[in-house]
Amino acid sequence: MKLLVAAVLVMCMYEVAGRGNHRDRKRKESDHFPYATSGTIEMKSPDLNNEEAHSNHMPDHLKCDACRAIAYQIQEYLSKKESKISAVKEGKAQLSESDYIETLDLCCSQSWEIYGVMEVNGVKRLSGPGLETEEHPGVMMTSGPWPARLYKMCQAYLGELTEEEIYQEFRNNRDYLEDFLCYDKNGTCTKLGNTIWIPQKEEF
């Protein structure tokens, strides 16, 4: 009987602890996306200001997201290119200069239609592959000025840095190219961090 009572007590304590851990996980999720657990999601298109709607350039408050999206796409394009060449895939060689230059050009020249802007917790953010906002429920505004802005930013990176520098950084740290492009000392997110709100590394 004593053993049975002890077993029941242990099971109850385990269940309570499990519920506490579950609440902690839900709290962390709701801290980032407060609508995730409320049961109510407000679906509305983002209300763009004049700069967001008509400027030829990416607004400053969206440049960090844009940088991270571009870094993700560069990783994807270079990874796919390497996977098609056996010697490179097996780690016996690297892409030739002509291969990685062509791949980076193709990356920047893509349509970028898979990205758009949406409102997340009252803040306008870019959304699409490689960004945590892709998982956030809401209305995403695509097309319009966003593809051209991403194309220009991508081309700007190829102008500021050499293709060789980008490829070697990818080879050295292929899963974290955004650290180099966006959060390094001279990265887009780092330079903007002192003047406007930008997504911090620890937030995703």
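Look above for the structure.
## Considerations on the pattern of salt bridges
Inspection of every chain in the model, using the stated rule, returns 10 salt bridges. Here Arg68 and Asp65 are joined by a salt bridge, their closest N and O atoms 3.4 Å apart. With Arg68 and Asp65 both in helix H3 (residues 60-83) and 3 residues apart, the pair spans about one turn of that helix. In this structure, Arg68 and Glu132 form a salt bridge, with 2.7 Å as the shortest nitrogen-oxygen distance. Here Arg68, found in helix H3, pairs with Glu132, found in the loop between strand E2 (123-127) and strand E3 (141-142); they are 64 residues apart in sequence, far enough to count as distant. Taken as a pair, Arg68 and Glu132 share a single burial class, namely buried. Salt bridges here are not isolated pairs; linked through shared partners, they connect Asp65, Arg68, Arg125, Glu132 and Glu178.

## A word on the nonpolar core
Of all hydrophobic cores here, the largest spans 37 residues; its most connected members are Met58, Ile70, Ile74, Leu78, Leu126, Leu150 and Leu181. When residues of this core are traced back to their parent elements, those giving at least two are H3, helix H5 (97-108), helix H6 (146-160), helix H7 (163-172) and helix H8 (177-181). In terms of residues, this core owes the most to one element, H3, which gives 9 residues. Among residues more than four places away in sequence, those in contact with Met58 are Lys63, Ala66, Leu126, Trp146, Arg149, Leu150 and Met153.

## Quick notes on the side chain of Thr188
With respect to the helices and strands, Thr188 occurs in helix H9 (residues 188-192). Residues contacting Thr188, with those up to four places away along its chain left out, are Lys63, Cys64, Cys67, Tyr157, Leu181 and Cys182.

Cut-offs used in this document
Along each chain, residue indices are assigned from 1 in the same order as the chain's sequence is written. In view of the model being predicted, local features appear only for residues whose pLDDT reaches at least 70, and side-chain atom pairs are presented and counted only at 80 or more, with totals across whole chains, interfaces and linings using the full set of residues. By convention in this description, side-chain values take in all heavy atoms of the structure and omit both hydrogens and water. Whenever Lys or Arg places a side-chain nitrogen within 4 Å of a carboxyl oxygen from Asp or Glu, that contact is recorded as a salt bridge. Elements are defined by DSSP. Helices are runs of H or I of four residues or more, strands are runs of E of two residues or more, and each kind is numbered from the N terminus. Burial here depends on accessible area, computed with a 1.4 Å probe over protein chains only, as a share of the maximum for the residue type. Under 20% is buried, over 50% is exposed, and the range in between is partly exposed. Nonpolar core, defined: a set of buried Ala, Val, Leu, Ile, Met, Phe, Trp, Tyr and Cys residues in which side-chain atoms within 4.5 Å join the residues together. Whether two residues touch is decided by their heavy atoms; if any such pair falls within 4.5 Å, the residues are in contact.

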